[in-house]
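Spelled out from the first residue to the last, the chains are:
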Amino acid sequence: HFRIYAPERVRYAYDRYTNESIRLYDVLERTLSENTYVAGADYSIADMAIYPWATGHDKQGVDLFDKPHVQKWLERVGNREAVQRGMRLMEEHKRDLSKNPLSEAERASMFGQTAKR
């Protein structure tokens with residue numbers, strides 16, 4: 001959010017969430033150094049949930065040069081036919097915000113919500 005959607009760049013928030021992303025990729029690297037997949041030896045819903053997020057490492061400010069297990073996992077999961085179909089479907093429905101920015105109503109709906117008691 002703070003790297004892509006925020007209307008202004010707040011240094012603290014930008015750095016805080018970039019560092020948190022780096023930490024999460026470090027956790028993923030350690031996990032995958034001991035397992036073929038996130039939850040163990042078999043492909044599972046954990047891999048399905050994490051994979052699309054992990055493919056955006058560059059947008060999160062994370063370089064995978066020192067994360068060989070994550071790189072191999074991304075390749076292994078990304079080579080699955082069903083994953084490729086799902087990722088193509090996601091791309092077909094993805095909105096290019098540089099060409100079609102959020103309207104004020106959409107921005108308010110996504111970012112202006114408050115918790116209700």
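One can find the structure itself at the top, above this paragraph.
The model shown is predicted, which means the values in this text are computed figures rather than measured ones.

Focus on the packing of aromatic side chains
Part 1 of the argument: Throughout the structure, instances matching the rule amount to four aromatic pairs.
Part 2 of the argument: The interplanar angle of 75° and the centroid separation of 5.8 Å between the aromatic rings of Tyr 37 and Tyr 43 together place this pair among those described as edge-to-face.
Part 3 of the argument: Note on Tyr 43: relative accessible area 22%, which makes it partly exposed.
Part 4 of the argument: The positively charged end of Arg 9 is found above the aromatic ring belonging to Tyr 14, 3.6 Å away from the centroid.
Part 5 of the argument: It is Arg 16 that lies over the ring of Tyr 17; its NZ or CZ is 5.7 Å from the centre.

A short note on the packing of helix α2 (residues 45–54) against helix α3 (residues 68–78)
Part 1 of the argument: It is the contact of α2 with α3, at a shortest axis distance of 11 Å, that shows an interaxial angle of 110°. In this view, α2 runs roughly perpendicular relative to α3, as classed from their interaxial angle. Remark: the crossing between α2 and α3 carries left-handed chirality. For the pair formed by α2 and α3, the contact residues are Asp 47, Ile 50, Tyr 51 and Ala 54 on the first element and Trp 73, Leu 74, Val 77 and Gly 78 on the second.
Part 2 of the argument: Grouping the amino acids of the contact of α2 with α3 by side-chain chemistry returns six nonpolar, one polar and one charged.

Quick look at the layout of surface pockets
Part 1 of the argument: Approximately 690 Å³ is the volume found for the largest pocket.
Part 2 of the argument: Along the wall of the largest pocket there are 25 residues; nearest its centre are Ile 4, Tyr 5, Gly 56, Lys 59 and Gln 60.
Part 3 of the argument: Secondary structure elements with two or more residues in the lining of the largest pocket: α1 (11–34), α2 and α4 (81–93).
Part 4 of the argument: In terms of residue count, the dominant contributor to the lining of the largest pocket is α1 (five residues).

Concerning the environment of Asn 79
Part 1 of the argument: With respect to the helices and strands, the residue Asn 79 is situated in the loop between α3 and α4.
Part 2 of the argument: Taking C-alpha positions, Asn 79 is 18 Å from Ala 39, a pair spaced 40 residues apart along the chain.

Describing the pattern of salt bridges
Part 1 of the argument: Throughout the structure, instances matching the rule amount to nine salt bridges.
Part 2 of the argument: When the shortest N-O distance is used, the salt bridge between Arg 23 and Glu 20 registers 2.7 Å. Here Arg 23 pairs with Glu 20, and both are found in helix α1, just three residues apart, close to one helical turn.
Part 3 of the argument: According to the relative accessible area criterion, Arg 23 is partly exposed, its value standing at 42%.
Part 4 of the argument: A relative accessible area of 22% means that Glu 20 is categorised as partly exposed.
Part 5 of the argument: Ionic pairing is found between Lys 99 and Asp 96, a salt bridge with its closest N-O pair at 3.9 Å.
Part 6 of the argument: One salt-bridge network, held together by shared partners, links Arg 16, Glu 20 and Arg 23.

Rules used in this analysis
- Residues numbered from 1 in each chain as written.
- Predicted model: local features only at pLDDT ≥ 70, side-chain atom pairs only at ≥ 80, totals over all residues.
- Heavy atoms only, no water.
- Phe/Tyr/Trp six-rings, centres within 6.5 Å; stacked < 30°, edge-to-face > 60°.
- Buried < 20%, exposed > 50% of the residue type's maximum accessible area, 1.4 Å probe, protein only.
- Lys NZ or Arg CZ within 6 Å of the ring centre and 35° of its normal.
- Axes fitted to C-alpha atoms, helices over the stretch in contact; angles between N-to-C directions.
- Helix = DSSP H or I, 4+ residues; strand = E, 2+ residues; numbered from the N terminus.
- Parallel < 35°, antiparallel > 145°, perpendicular 65-115°, else oblique.
- Left-handed = near helix turned anticlockwise from the far one by under 90°.
- Contact = heavy atoms within 4.5 Å.
- Nonpolar A, V, L, I, M, F, W, Y, C, P; charged D, E, K, R; others polar.
- 1 Å grid on protein atoms, 1.4 Å probe; cavity = no way out; pocket = protein on both sides within 12 Å on 5 of 7 lines; lining within 4 Å.
- Points joined across faces, edges and corners; volume = space filled by probe spheres on them.
- Salt bridge = Lys/Arg side-chain N within 4 Å of Asp/Glu carboxyl O.

The values reported here are purely geometric and, on their own, carry no functional implication.
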